[in-house]
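Each chain, written out:
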Amino acid sequence: MADTSITTSAFNDGYIAEQFEAYRADPSSVDESWRQFFRLAAQFAGGSGATVASAAAGDPDLPRLAAAAASLAQNIRIFGHLAVPLDPLGTSPLGAAELTPEYHNILAADLVRVPASSLGYADPRFRTAADVISMLRRRYSSRLALEVMHLPDETERLWFRTILREEQLTRPLSSVEKVDLLKRLTQVDGLERFLGRAYQGKKRFSIEGTDALVPMLDSAITEASAQGTTQVVVGMAHRGRLNVLTNFMGKPYEALFSEFEGRHGAAPDSETGDVKYHMGYKGSRALPSGAHVDLTLVPNPSHLEFANPVINGVARARQRLGGTTLARDPKSVLTICVHGDAAFIGEGVVAETFNMSRLRGFEVGGTLHIIANNQVGFTTDPIDARSTHYASDLAKGFDVPIVHVNADDAEACVMAVRIAIAYRTRFGKDFLIDLVGYRRWGHNETDEPLFTQPELYARVKAHPTPRQVWGARLVKEGVMTKADVDAIDTDFAKQLEVIFDQVRKQENAHDEHLPNRPAPSPVDTSVPADRLRALNEALLDWPTDLAVNPRLAKTLERRRDGLAKSIDWGHAEALAFGSLIQDGVHVRLTGQDVERGTFSHRQAVLHDANTGRNYTALQHVPGAKATMEIANSPLSETAVMGFEYGFSTAAPDTLVCWEAQFGDFANVAAPIIDQFLVADRAKWHQDSGLTLLLPHGYEGQGPEHSSARLERFLQQCAEGNMTVAYPSTPAQYFHLLRRQALRSSRRPMVLMQPKSMLRLPDAMSGIDDLANAQFQSVIDDATTAGREANVTRLVVCSGKIYHEIRAANPGEHVALVRIEELYPWPNTAIGAVIDRYPNLTDVVWTQEEPKNMGAWTFAEPRLRMATGNVLTLRYAGRPERASPAEGYEASHKADQARIIAEALAPVSSPVASKGKKASAAR
Ligand SMILES: Cc1ncc(C[n+]2csc(CCOP(=O)(O)OP(=O)(O)O)c2C)c(N)n1
Ligand SMILES: [Mg+2]
């Protein structure tokens, strides 16, 4: 028992009073700084009956002490998070010298000498700086580790101070809420334990250790719904996904058990499915408020974090108000992105997506990010996984507020979500919660974590589950008895048992209804000439007070009288977009510098030379039933393409196009192409109509400005999964765009796009080609009419090289044929062309690309089939090469000339016997 002349009433702050009580009862029970504090406090207020603060009034040292106390206070706001015990397994927080009074040249005991008013606190609850500091430690350094001082906007920093002061968002849960939370944690934990028993050794990527994630998601939809959110789009990886799918999304336990039994719903043969922890789900939640929230968990590939941009694209599409306006309601759709701690910092797509979060063409009103931080990635410890202290540090660079929270403190986890949603509502920006927990088992349930993390896993094994931790707390608080806690657990286990028994007895899969697709049907893509003329005028009709750059105005003016035979690529595209908008199809185009067009060929957005005001004619199309959204993207491919993919899955009413600066750069987005675009129908019964515009062609611009890697797309073509085309005229491009937008069956379209061909006079189209034609998958040689019998050779090619061969004047014996659509391979149309020439002897596939690239390896077996193996099939193109194109201009020119010469060179010994028809062998 300490001998002291002051009583507890000398302290205003409850926390200090508590410490004082402990000190009085047993001085050794508090640490030395407290002992010192209370000794000095006694000197000030001893015996006077006054509080310590009032006793300190008139102190000559006050200015110095007040400055030091203020500095300490501010440092707690900045660095308080470093002292929060975040690890459920007990690792000590890093701490910071700045959090100690001594660092600021003040003793803890001296804080009582500083009136709270000198720190700007007029509230009577705080009399001394000690009260204030104690309060700040509670707010910034006890349960929620708030990192907001990096936010550049002062309004935001002040907002955080205000909400913490008002304590609405950090209020404790009511008793009813506490019990509900226990029930939820019981479902989360109970399901995992049940699966662990029933399906021992099967991968489930258990959530255990970060169980609070599910009640946090619950809390997010409740809070967001109160702010007008009606839809939530979630993206997450494998960890805890089965739990989220069922307990949060509402997928029936029956369906999950049925999948564990190895059954799956009926699907076409081509839909080969995916593992259960990649599958998406659409659900709906009725909230106690009476509101409904639609929930979408997007399917995702194994590729960690690549679903991040996709969910934002989905949300952006769903936030649109529709009609002829570009207006959106960002509050209506909330995106939630759950990350892994190792993947978050490691995968660049995360940074790309953050960077897009506030850009005009991509913002969605703020994403709630939660790092399900289990402090390990597969077998890799944080020390080998990142160069930063926190798993979340990447987000700081994007002005995102961050709260770290201990996953065992389920109540604090809910508080963090309340703050996050309030912040999104107020500022429309991303927010990140770093949920620090652990992983109860190995990376998956067949892994032995003791091999690689023996010390960590000794601690994990000894640690109670989040449900047990929370249950024990409720018992301690007297909210419920231990027996009540156990009963909730037993009841839930029984429920699962009953469902499991039923599923075991069934033979069929739980019926997950797959929506039917409309059957593909041909569409008329032509647009009457009169309509095109009127549209053309309207597109050139910018406001008279818009000071368009005179050179640009002159170029565009050429479009006015250019409908006869000089419609170039950009012109045809504008007419396609404009006519679609009149037809009620929205158009969205993004990519780097798309507003102008990499090659200055689009000029869709005009800039006033004096005011910088913008004008987009496609947003003022007469008779528009839809609208045009066009936006320059940040310098990134992966996340932008992922975003557009997501958008297109959610917007069947929109032609969504993404354009690469040069087609070569699309390979940066390989996971979006391979894992989403190409395979989504087969894996997830999901469709997108995304169009990729990829400039491609050999013009001597070097290894990285020549090839969109056509071969890679063709290699992935199967089961009608996409269109791959290399059109050779603006009219063909026009019809392809319109066909893609108007047809009922939606699959991605990959277009090799021109560069030098953009304005090539020979490649221009006329209004007739738009008004009275359709897309032709194969274009036969029109110049051979009447001399078919003279033709002995077919030179077959795609895209730009056609114009170069034509310019080289192929002889009488040559028919120059273009394959405009490579996939689906136009077998019938090619057969018809071959049959037209009775005396063919050889076919020469001609391409600019090296032999191991381009379309050759794809086309060769198909052409052999088409020629019935009767005609000689030759290759004219670059030899096999490691680099797709020459960097040396002279080499490029030489190769280009050689290819054309070889395509047209006489063959020394024709092999096909005259009269034998290819069609007979076909
Ligand atoms: C792009 C990519 N690289 C590698 C992997 C293989 N992989 C699957 S899970 C995993 C560890 C992920 O760790 P973390 O992000 O912390 O998530 P956790 O499993 O711990 O929840 C790895 C490396 C992958 N799925 N995707
Ligand atoms: Mg991890």
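Residues numbered from 1 in each chain as written. Chains lettered and ligands numbered in written order. Predicted model: local features only at pLDDT ≥ 70, side-chain atom pairs only at ≥ 80, totals over all residues. Heavy atoms only, no water.

**Some remarks on the sheet that holds strand 16 (residues 749–753)**
Sheet strands pair via backbone hydrogen bonds, and the direction of the pair is either parallel or antiparallel.
And step 1. Across the sheet, seven strands lie side by side as 12-9-13-14-16-15-20; this open sheet has mixed pairing. Both outer strands of the open sheet, strand 12 (628–632) and strand 20 (821–823), are each paired with one neighbouring strand and no more. Along the sheet, successive strands turn relative to each other by an average axial angle of 20°, direction set aside.
And step 2. Of the pairings in the sheet, the one linking strand 13 (residues 654–659) to strand 14 (residues 691–695) comprises three bridges and is parallel in character. (Pairing = 2+ DSSP bridges. Helix = DSSP H or I, 4+ residues; strand = E, 2+ residues; numbered from the N terminus. Axes fitted to C-alpha atoms, helices over the stretch in contact; angles between N-to-C directions.)

**As for the packing of helix 7 (residues 175–198) against helix 17 (residues 466–476)**
And step 1. Where helix 7 contacts helix 17, the axes come no closer than 9 Å and their chain directions differ by 155°. If you check the angle between helix 7 and helix 17, you find them roughly antiparallel. The handedness of the crossing between helix 7 and helix 17 comes out as left-handed. Every residue of helix 17 that contacts helix 7 at Lys178, Val179, Leu181, Leu182, Leu185, Thr186, Asp189 and Arg193 is listed here: Pro466, Arg467, Trp470, Gly471 and Leu474.
And step 2. Each residue belonging to the contact of helix 7 with helix 17 can be placed in one class, and the counts come to seven nonpolar, two polar and four charged. (Parallel < 35°, antiparallel > 145°, perpendicular 65-115°, else oblique. Left-handed = near helix turned anticlockwise from the far one by under 90°. Contact = heavy atoms within 4.5 Å. Nonpolar A, V, L, I, M, F, W, Y, C, P; charged D, E, K, R; others polar.)

**Observations concerning the coordination of the magnesium ion (ligand 2)**
And step 1. For the magnesium ion (ligand 2), the protein coordination sphere consists of Asp341 (OD), Asn374 (OD1) and Val376 (O), at 2.0 Å.
And step 2. The sequence pattern formed by the donor residues of the magnesium ion (ligand 2) is D-x32-N-x1-V. Here Val376 lies in the loop between strand 6 (367–373) and helix 14 (382–385) and Asp341 lies in helix 12 (residues 341–346), a separation of 35 residues in the sequence. (Donors = N, O, S within 2.8 Å, 3.2 Å for Na, K, Ca; no water.)

**Focus: helix 30 (residues 856–866)**
And step 1. Those residues of helix 30 that sit buried are Trp856, Phe858, Ala859, Leu863 and Ala866. Buried residues of helix 30 fall within an arc of 145° about the axis and therefore sit on the same side.
And step 2. Looking one or two residues beyond helix 30, the residue adopting positive phi is Gly868, at roughly 60°. (Buried < 20%, exposed > 50% of the residue type's maximum accessible area, 1.4 Å probe, protein only. Arc of directions from axis to C-beta.)

**Let's talk about the packing of aromatic side chains**
And step 1. All told, the structure shown has 27 aromatic pairs when counted by the stated rule.
And step 2. Seen in terms of ring centroids, Tyr121 and Phe126 are 5.5 Å apart; in terms of plane orientation they differ by 80°. Their pairing is edge-to-face. Assigned by exposure class, Tyr121 and Phe126 land together as buried.
And step 3. Here Phe662 and Phe665 contribute two aromatic rings whose centre-to-centre distance is 6.2 Å and whose plane-to-plane angle is 80°, an arrangement assigned as edge-to-face.
And step 4. Here Phe662 falls in the buried class, since its relative accessible area comes to 9%.
And step 5. Against the face of Phe260 rests Lys276, its NZ or CZ located 4.4 Å from the ring centre.
And step 6. Here the guanidinium or amino end of Arg588 rests over the ring plane of Phe647, the centre of that ring lying 4.7 Å away. (Phe/Tyr/Trp six-rings, centres within 6.5 Å; stacked < 30°, edge-to-face > 60°. Lys NZ or Arg CZ within 6 Å of the ring centre and 35° of its normal.)

**Remarks on the pairing of strand 1 (residues 144–147)**
And step 1. Here strand 1 shows two buried faces, one formed by Leu144 and Leu146 and the other by Ala145 and Glu147.
And step 2. In this sheet, strand 7 (residues 402–406) lies alongside strand 1 in antiparallel orientation, the contact comprising four bridges. Residue pairing in the sheet places Glu147 in a bridge with Ile402 of strand 7.

**Examining the sheet that holds strand 3 (residues 281–286)**
And step 1. With mixed pairing, eight strands are arranged side by side in an open sheet as 1-7-8-6-5-2-4-3. A single partner strand is all that each edge strand has here, and the edge strands are strand 1 and strand 3. The average undirected angle you get between the axes of adjacent strands in this sheet is 20°.
And step 2. Its contacts with the sheet put helix 15 (residues 410–427) on strand 1, strand 5 (333–340), strand 6, strand 7 and strand 8 (431–436), and the angle it makes with strand 8 is roughly 170°.

**Overview of the pairing of strand 22 (residues 872–878)**
And step 1. With respect to burial, strand 22 is a largely interior element, six of its seven residues being buried.
And step 2. As defined by bridge partners, strand 21 (residues 842–850) adjoins strand 22 across six bridges and the pair is classed as parallel. Residue pairing for strand 22: Trp845 is matched across the bridge by Tyr875.
And step 3. Taken together, strand 21, helix 30 and strand 22 form a β-α-β motif whose crossover is right-handed. (Right-handed = clockwise from strand over helix to strand, strands pointing away.)

**Regarding the site of ligand 1**
And step 1. Around ligand 1 sit 15 residues in total, of which His238, Arg239, Ser302, Asp341 and Ala343 are the nearest.
And step 2. The side chain of Arg239 places a nitrogen or oxygen atom 2.9 Å from an oxygen atom of ligand 1.
And step 3. Ala342 is positioned with one of its backbone polar atoms (N or O) 2.9 Å from an oxygen atom of ligand 1.
And step 4. The protein chains hide 76% of the 580 Å² of surface that ligand 1 would expose on its own.
And step 5. Considering only residue class, the shell around ligand 1 consists of five nonpolar, seven polar and three charged. (Near = heavy atom within 4 Å. Polar contact = N/O pair within 3.5 Å; in protein donor to acceptor, adjacent residues only side chain to side chain. Areas by Shrake-Rupley, 256 points an atom, 1.4 Å probe, with all protein chains shown as cover.)

**Brief notes about helix 6 (residues 154–166)**
Working note: α-helix, 3.6 residues per turn, so residues spaced by three or four point in the same direction.
And step 1. In this model helix 6 runs 18 Å from its N-terminal to its C-terminal C-alpha over 13 residues, within 8% of the 18 Å that 1.5 Å per residue would give.
And step 2. Considered for burial, the residues of helix 6 that qualify are Glu156, Trp159, Phe160, Ile163 and Leu164. Taken around the axis of helix 6, the buried residues stretch over an arc of 125°, which confines them to a single face. The exposed residues of helix 6 that point more than 90 degrees off its buried face are Glu154 and Glu166.
And step 3. Taken together, the buried residues of helix 6 touch helix 5 (129–141), strand 1, helix 15 and strand 8. (Expected span 1.5 Å × (residues − 1).)

**Considerations on the nonpolar core**
And step 1. One finds Phe37, Phe160, Leu213, Phe257, Ile336, Ile433 and Leu435 to be the most contacted residues of the largest nonpolar core, which totals 112 residues.
And step 2. It is helix 15 that contributes the most residues to this core, 10 residues altogether.
And step 3. With residues up to four places along the chain from it excluded, the contact list for Phe160 reads Leu146, Val148, Leu151, Pro401, Ile419, Tyr423 and Phe431. (Core = buried A, V, L, I, M, F, W, Y, C linked by side-chain atoms within 4.5 Å.)

**Examining the packing of helix 22 (residues 638–650) against helix 23 (residues 670–677)**
And step 1. Between helix 22 and helix 23, the least distance of the axes is 8 Å, while the angle of their chain directions is 25°. The angle between helix 22 and helix 23 falls in the class roughly parallel. Mapping the contact onto sequence places Thr638, Met641, Gly642 and Tyr645 in helix 22 and Ile672, Ile673, Phe676 and Leu677 in helix 23.
And step 2. Across the contact of helix 22 with helix 23, the residue classes tally to six nonpolar, two polar and no charged.

**What about unusual backbone geometry?**
And step 1. Residue Pro824 follows Tyr823 across a cis peptide bond; omega there is -5°.
And step 2. Here Pro824 lies in the loop between strand 20 and helix 29 (827–836).
And step 3. The residue Asp593 is not glycine, and still its phi comes out positive at about 60°.
And step 4. Within the secondary structure, Asp593 sits in the loop between strand 9 (586–591) and strand 10 (605–607).
And step 5. A positive phi is found at Arg709, a non-glycine position, where the angle reads about 60°.
And step 6. Looking at where Arg709 falls in the secondary structure, it is placed in the loop between strand 14 and helix 25 (710–715).

**Notes on empty space enclosed by the protein**
And step 1. Per the counting criterion, the structure on display carries nine cavities of 30 Å³ or more.
And step 2. Considering only enclosed or pocket space, the largest cavity measures out at about 200 Å³ in volume.
And step 3. Taken together, 17 residues form the lining of the largest cavity, with Leu539, Arg559, Ala574, Gln603 and Ala604 sitting closest to its centre.
And step 4. Counting residues per element, the ones that place at least two in the lining of the largest cavity are helix 19 (529–539) and helix 21 (569–582).
And step 5. Element by element, the count of residues in the lining of the largest cavity is highest for helix 21, at five residues.
And step 6. Class assignment for the residues of the lining of the largest cavity results in 10 nonpolar, four polar and three charged. (1 Å grid on protein atoms, 1.4 Å probe; cavity = no way out; pocket = protein on both sides within 12 Å on 5 of 7 lines; lining within 4 Å. Points joined across faces, edges and corners; volume = space filled by probe spheres on them.)

**Focus on the confidence of the model for the protein chain**
And step 1. Per-residue confidence for the protein chain gives a mean pLDDT of 93, with 95% of residues at or over 70.
And step 2. pLDDT under 50 marks residues 909–915. Its contacts with residues more than four places away, or in other chains, come to six contacts. (pLDDT = per-residue confidence, 0-100.)

**A few points about the pattern of salt bridges**
And step 1. Tallied over the entire structure, the rule returns 61 salt bridges.
And step 2. Arg193 is the salt-bridge partner of Asp489, the closest N and O atoms lying 2.7 Å from each other. Of the two residues, Asp489 is situated in helix 18 (residues 482–505) and Arg193 in helix 7; the sequence distance between them amounts to 296 residues.
And step 3. Judged by relative accessible area, which is 14%, Asp489 ranks as buried.
And step 4. Bridged by salt links that share partners, the residues Arg143, Lys178, Asp409, Glu411, Arg473 and Glu477 form one connected network. (Salt bridge = Lys/Arg side-chain N within 4 Å of Asp/Glu carboxyl O.)

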